[in-house]
Amino acid sequence: MEPVISAQGLGLRTRRGWIFRDVDLDVYPGELVAIAGPGASGRTSLLLALAGRFATSTGKLVRHGRADLGYVPGVTDLEPNLTLRDHLRERRLLVGGARDGESRSGTPEKLARDTSALDRQLWGLALATVATPAVVLVDAVDSGLSTEEGGQLWGELRKLATDGIAVVAACREVPDGTADRVVILETS
Amino acid sequence: MRLALIQLRALSRARLTRAALVVLTLVPLLYGALYLYAFWNPYGNLNHIPAALVVEDHEATATDGSTVDAGHDLADQLVDRQVFAWHRTSAAEAQKGLSTGKYLIELRIPADFSADLVTGPDPKADPKAGQLRVTTDDANNYLAGLLARSAFTEIRQAAGSSAASKFFNQMLIGFSDLKSQTQQAADGANQLADGAAQAQDGAGQLESGADSAHAGAGQLAEGLTTAGNGADQLTRGLRTLDAGAAQLADGTAQAAAGGQLLRSKVDSAADKVEPVLRDNAALIQQAATAIADGADAVAADADALPRLAQDAVDQATTARDALDRLAVEHPSLTNDPTWQRARAAADKAVTLATSIKAKVQDTTQVKADMTRVAALARQVAAAAPHLADDVKAARGQVDALADGLNQLATGADRLHAGTGDAVNGAQSLSGGLFKLASGARQLDDGLGALEDGTHRLASGLSTLDDGATKLANGLSDGAQKIPGYDPDTRAARAGVLGDPVALQRQTEHAAATYGVGFAPYFLALALWVGSMITYMVLRPLTRRHVQAGGAPARAALAGWLPALLVGLVQAVVLFLVVRVALGVVPVHPVEAVLFLCLTAVAFTALVQWLGARLGPAGRLVALALLMLQLTSSGGTYPVQTSPVFFQAIHPYLPMTYVVSGLRHLLDGGPAGTVVRGGLILLAFTVGAFALTTLAAWRARKLTPSKLHPDLVM
C-alpha cells in the first residue's frame, strides 16, 4: 500500500525563521495521524503543507489521492449566515461529490454563526468527506472543546479512519491511544 | 496625537503596511495630479486631434486673368500651421473615418470654393462666401464637436493668411438702404426727366406757338394798322371821291345846265348862223383862203423878222457905237446937246430894236401859229362849203351832248349819294379797324411778353431736362452698381462680411446636451465604481471555496456570480434612472441596456481578478485603474488632447470601449463600433475570468503571510 501522503525532509523557511523543518512522514490509508505541538509551532502550516495547501521551501512531498481539509481555522471558515445544508450544497457544487454527510451531524438547520466548536469540527468533517477524499486533514482538534467533546471528536476521526480515509489531525496535545502515529513539533 | 503615533507605529513595523502608508499618501495624486495632467491643456494639444481635410476645389480664373486656387492654398496653410493633425483624404475616406472615430473632425472645401470667391458679389444670388463645411460626430466624442469651434478660428486665420485672402475682401457688403434710396432717387429723377422733357416739349410748343402767336399778333397789329391806315386812306379817298363826286355832280349839273344853255344858244345861234353860213359859204371860203395866204405870208416872213430886227439892232447899235466913238474921239461932244440927243435917240433905238428883237426873237411860235392859222383858215375854207351842214351836225351833237350831260349829271348825283354812304361806311370801318388795331397792338405786346417768357421757360426747361436726364442716368448707373438685398439677405450678408469664410458646422449623431454627450462616460464610471463597491462587500475569492478542493474555475465562478448579479441589477437600475428621471433617450435603448449589462459583466470580472490576484491591494489597484480610465478613455476631451501617456494606454483599457460603444448606442452611429466594443469587453471578461481561475488555483497554496496577514483591508 502506498502512502497517501509521503513527506521527506519537508521544511518551510521564511524571513522570520523556520516554520517547520525536517518533517518525514508517511500517511497510509485508514491511518489516524496526529500532529502535536504548542501554539505557533507551525502545526497548521505543516498540516496544510501535508495537504498540499501550503508553500514549502525544502523537502519533498508526494501525495496520492485527494486530500480534503476539515475544519482548519483561517482556511476553511464557515459562512456565518449559512446552514450546514447550505454549506454541504455549496461543497457539492464546488466539488461535484455525491456523498451525503448530513448524518454525521444532527443540526442541519443551525446557522454557522450559532455553532459550537464541536459543531464546527463536525461540520468540517461532513464537508471534507463530500468529495470522498483519500485523506482528511483537520486542525485545532482540541481547541475550544471540553474533554468529553474532544473524546467525541476523536471518535469521529477514528470512524473516518476505519472507513479507510486517512486522517491527519493537528492539536496541542494528543490523548494517549487515540492516534496511530504522532508527530511532535517543537518550537525552536 | 500620541494615539495616532501608536497606530502608525503598528503599521510601520511590517513592510507591507509601511508600503501601504506610502501608498495612502499617494492615492490622492491618482485623482488630482493624474486628472490634471491628462486634461491640463486640451486646447493646446489640438494638433494631435486627427482631422480629415477634403479638398474638392478646382482652380478658378479671376476677371483680371489671374488664377486662384483658394482651396488648395487654404489646405496648405492649414497643414503648415499644424493646429490640428490634418490628413488629406478623399470624401469617402473622410466620412468613413469620421464614423469610426479615426478622424474627429472633417473639413470639406467644396468644388466651387475658388469659383465663388472669384466671381464676386452677385446681388441675385444667395449669400455664400466660400462655404466650408466642418463635420464632427458626437458619437465619437462630444467635446470634439466643441473643440471644432476652435477650428473655425483656425480656419479663418488660415484663410486670412492664404494667397486668396484678397478675394475674401471682395466679399459681399450690403448696401441695401443706399441702393433702395438711390433707386428711388433714380426713379424720381427719371420721372423728373420725363416730366421735364414733356414740359420742355410743351414749352417748346408753347414757345413756337407763342412765337407764332406773337408774329401773328404782330402781323395782325400791322395788318390792322395797315388796314386802319388803309381804311383811313379809303375814307379820305372816299371823301375825296365824295367831294369829287359832289364836284362832279355839281360840275355835271352845271355842265348839263351849260349844255342846255349851249343847246339853246347853239340852237338859236344855229338858227341864225346856219342860213348865214349857207348863204355866205363862198364868201367865207374866200376870206379864209385869204387869211391862209396872209398867214402863210406872215409865216414866210416871220423868219425874216428876226433878221430884220437884228439888223435894226445892229444898226442902232452901230449908230450908237459910232456916236460913242465919236465921243471918244471928240470928248467934247459929250456936251453937245445934239450929240446927246442923238445918243439918247440911239439908245432908245437900240433899246427899241432890242425889245423888238426880243419880241420877234421867237418867231417859231409865231410861225407855228401862223402856219396853224393858215392851216386852219384853209380848213375853214375847205369846210366853208359845208359849214352849215357842220353847224347842223354840230347842233345835233350839241343836243346830244346836252342830253348826255344831263344823264351824266343824274349819274353823278347818284354816285355822290353812293360815295356819301361809302364814306360813312369807311369811316366806321376805319374807326373799328383802329380799335382793332389798338387791341391787336396790346395783344402783340402781351404776346411779345409771353414769347419772352416762353423763351425763357423753354430754355429753362431745356436746362432742367438736361440736368434731370443726367441725374437720372447717373443715379440709375449708380443704383445698378450697388448690390441691394432684402432684410433677410442683408442680415445674412452682414454675417458674411463679418465672417468671410463661411463655416458650416455639421454634427453627425448630435448629442442633445452636455448631459447626453457625457452620459457614456459617467455610466461607465458608475459601473466600475459599482463593481469596486460590490467587491468591498463580497469577496473576490472565498478561501473556503478555493480550499474546497474543487476545480478552481468553480471557486472563481463562486466568487464572480454573486457580484455579477449585483452588477447586472446596478446596470439596469442605472439605465432606468438615466432614461426615466434624466430623460436621456438613447437611439438604441435595448442595445444600450444590454451593453450596460455587458459592461457590468466585464467590470465585475476585472475587479474580481484584481481582488483575487492582489488581495486587499486589489482595491487600490482598482481605484488606480479607475483614475487611469477616467483620464484616458476619451469620455471627456478627445484623448488626442491629453499627453502621449494617456493616448498610449487608451486602447488597452476597457472603459475606452464602453464609452465609445455607449456613445454610439445613445447618440446613434455605426454598429461596428458597438460590436467591436462588445467583443473586446467579452474578451476582457474571458481574460479576467481565466486569470481569476488561475489566481484561484494558485491561492490553494497558502503562505504564512496569507495565513496571518499583516494588512487586513
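Source: prediction; values computed, not measured.

Peer 1: Looking at this structure, how should I read the overall build of chain B?
Peer 2: From N to C terminus, chain B includes 22 helices and seven strands. Within chain B, the fraction of its 713 residues that count as buried is 39%. Within chain B, counting contacts between residues at least 6 apart in sequence, those at least 24 apart form 84% of the total. On chain B, roughly 36,500 Å² of surface is accessible, and the fraction owed to carbon and sulfur atoms is 62%.

Peer 1: Even after reading the chapter, I still don't get the pattern of salt bridges, so can you show me in this structure?
Peer 2: Two side chains with opposite charge may pair up if their charged atoms get near one another. Inspection of the entire model under this criterion finds 22 salt bridges over all chains. Here Glu90 of chain A ties to Arg544 of chain B by a salt bridge, and the two come within 2.9 Å at their closest N and O atoms. Separated into two different chains, Glu90 of chain A in helix H2 (residues 84–95) and Arg544 of chain B in helix H15 (residues 543–546) make up a pair that spans both. For Arg544 of chain B, a relative accessible area of 6% corresponds to the buried category.

Peer 1: Looking at this structure, I do not really get the sheet that holds strand E2 (residues 17–27) of chain A. What am I missing?
Peer 2: Pairing between the strands of a sheet comes from backbone hydrogen bonds, and it takes one of two forms, parallel or antiparallel. Residue and element names in this part refer to chain A. If you trace the three strands from one edge of the open sheet to the other, you get E2-E1-E4, paired in antiparallel fashion. Edge positions in the open sheet fall to E2 and strand E4 (58–63), since each of these has one partner strand only. Neighbour to neighbour, the strand axes of the sheet diverge by 20° on average, direction disregarded. Each of strand E1 (5–14), E2 and E4 is contacted by helix H1 (residues 43–50), which is oriented at about 45° to E2, the strand it contacts most.

Peer 1: Is there a simple way to explain the interface of chain B and chain A in this structure?
Peer 2: Listed by partner, the interface residues are 20 residues for chain B and 28 residues for chain A. For the pair chain B and chain A, the summed buried surface comes to about 1,800 Å²; carbon and sulfur atoms form 51% of the total. Applying the counting criterion to the chain B and chain A interface returns three salt bridges. In this structure, Arg539 of chain B engages Glu79 of chain A in a salt bridge whose closest nitrogen and oxygen atoms are separated by 3.3 Å. If you look at where chain B meets chain A, you find eleven residue pairs in polar contact (both at pLDDT 80 or more).

Peer 1: Any chance you could explain unusual backbone geometry here in plain terms?
Peer 2: Leave glycine aside and you will find that most residues have negative phi; peptide bonds, for their part, are mostly trans. Residues and elements named next belong to chain A. Positive phi, close to 55°, is recorded for Asp22, a residue that is not glycine. Positionally, Asp22 belongs in strand E2. The phi angle at Ala140 is positive, at roughly 55°, despite the residue not being glycine. With respect to the helices, strands and loops of the structure, Ala140 is situated in the loop between strand E6 (135–138) and helix H4 (147–162). For Ala140, a relative accessible area of 8% gives the class buried.

Peer 1: What exactly am I supposed to notice about the side chain of Glu106 of chain B here?
Peer 2: All names here are of chain B. If you trace the backbone, Glu106 turns up in strand E5 (residues 105–109). Judged by its relative accessible area of 3%, Glu106 falls in the buried class. Setting aside anything within four residues of it in sequence, one finds Glu106 in contact with Ala52, Val54, Ala94, Gln95, Leu98, Arg133, Val134 and Thr135.

Peer 1: Looking at this model, I keep getting lost on the sheet that holds strand E5 (residues 67–69) of chain A. Mind explaining?
Peer 2: All names here are of chain A. Spatially, the five strands line up as an open sheet ordered E5-E6-E7-E3-E8, and their pairing is parallel. Bordering the open sheet on either side are E5 and strand E8 (181–184), each of which pairs with just one other strand. With direction set aside, neighbouring strand axes in the sheet form an average angle of 20°. Two strands pair when backbone bridges link them, and E6 and strand E7 (residues 166–171) are joined in this way by four bridges, in the parallel orientation. Directly across from Val136, in E7, lies its bridge partner Val167.

Peer 1: Sorry, what's going on with helix H4 (residues 91–100) of chain B here?
Peer 2: Residues lying three or four places apart along an α-helix face the same way, a consequence of the helix completing one turn every 3.6 residues. Every buried residue belonging to H4 of chain B is among Ala94, Gly97, Leu98 and Ser99 of chain B, and all of these are buried. Immediately downstream of H4 of chain B, the backbone of Gly101 of chain B shows phi near 90°, a positive value.

Peer 1: Is there a simple way to explain the packing of aromatic side chains in this structure?
Peer 2: The description of two aromatic rings rests on the distance between their centres and on the angle between their planes. Residues and elements named next belong to chain B. Applying the stated criterion across every chain yields a total of nine aromatic pairs over all chains. Consider the rings of Phe84 and Trp86, whose centres lie 5.7 Å apart with planes at 75°: the pair is edge-to-face. Look at Phe84 and you get buried, because its relative accessible area is 2%. Centre to centre, the rings of Phe645 and Phe646 are 5.0 Å apart; their planes meet at 75°, and the pair counts as edge-to-face. On the accessibility criterion, Phe645 (40% relative accessible area) is partly exposed. What links up through ring pairs into an aromatic cluster is the set Tyr35, Phe39 and Tyr637.

Peer 1: Help me understand the nonpolar core in this model?
Peer 2: Soluble globular proteins tend to bury their nonpolar side chains together. All names here are of chain B. Of all hydrophobic cores here, the largest spans 54 residues; its most connected members are Trp528 and Leu626. Going through the elements one at a time, helix H2 (15–38), helix H6 (142–161), helix H14 (514–537), helix H16 (552–581), helix H17 (589–614), helix H18 (617–632), helix H20 (654–667) and helix H21 (671–699) are the ones with two or more residues in this core. For this core, the element with the highest residue contribution is H17, accounting for 13 residues. Apart from residues no more than four positions distant in its own chain, Leu626 is found in contact with Leu525, Trp528, Val529, Met532 and Met655.

Peer 1: What's the story with the packing of H2 of chain B against H18 of chain B in this structure? I'm lost.
Peer 2: For any two helices packed against each other, the geometry comes down to the angle between their axes and how far apart the axes lie. Residue and element names in this part refer to chain B. At a minimum axis distance of 9 Å, the contact between H2 and H18 shows a crossing angle of 10°. In this view, H2 runs roughly parallel relative to H18, as classed from their interaxial angle. The segment H2 lies against H18, with Val23, Val27, Leu30, Tyr31, Leu34, Tyr35 and Ala38 engaging Leu620, Leu623, Ala624, Met627, Leu628, Leu630 and Thr631. Split into classes, the residues belonging to the contact of H2 with H18 amount to 13 nonpolar, one polar and no charged.

Peer 1: I'm lost on a nonpolar patch on the surface in this one. Help?
Peer 2: Together, Val529, Ile533, Met536 and Val537 of chain B give the surface a local cluster of nonpolar side chains, amounting to about 370 Å² of exposed area. Topologically, Met536 of chain B is positioned in helix H14.

Peer 1: Any chance you could explain the environment of Glu109 of chain A here in plain terms?
Peer 2: Residue and element names in this part refer to chain A. Within the secondary structure, Glu109 is located in the loop between H2 and helix H3 (117–128). The sequence separation of Glu109 and Leu84 amounts to 25 residues, and the corresponding C-alpha distance is 6.6 Å. For Glu109, the residues in contact, after removing those within four places along its chain, are Thr83 and Arg85.

Thresholds applied
- Residues numbered from 1 in each chain as written.
- Chains lettered and ligands numbered in written order.
- Predicted model: local features only at pLDDT ≥ 70, side-chain atom pairs only at ≥ 80, totals over all residues.
- Heavy atoms only, no water.
- Helix = DSSP H or I, 4+ residues; strand = E, 2+ residues; numbered from the N terminus.
- Buried < 20%, exposed > 50% of the residue type's maximum accessible area, 1.4 Å probe, protein only.
- Contact = heavy atoms within 4.5 Å.
- Areas by Shrake-Rupley, 256 points an atom, 1.4 Å probe, with all protein chains shown as cover.
- Salt bridge = Lys/Arg side-chain N within 4 Å of Asp/Glu carboxyl O.
- Pairing = 2+ DSSP bridges.
- Axes fitted to C-alpha atoms, helices over the stretch in contact; angles between N-to-C directions.
- Buried area = accessible area lost by both parts, 1.4 Å probe.
- Polar contact = N/O pair within 3.5 Å; in protein donor to acceptor, adjacent residues only side chain to side chain.
- Phe/Tyr/Trp six-rings, centres within 6.5 Å; stacked < 30°, edge-to-face > 60°.
- Core = buried A, V, L, I, M, F, W, Y, C linked by side-chain atoms within 4.5 Å.
- Parallel < 35°, antiparallel > 145°, perpendicular 65-115°, else oblique.
- Nonpolar A, V, L, I, M, F, W, Y, C, P; charged D, E, K, R; others polar.
- Patch = residues over 30% accessible without salt bridge, like charges linked within 9 Å, V, L, I, M, F, W, Y side chains within 5 Å.

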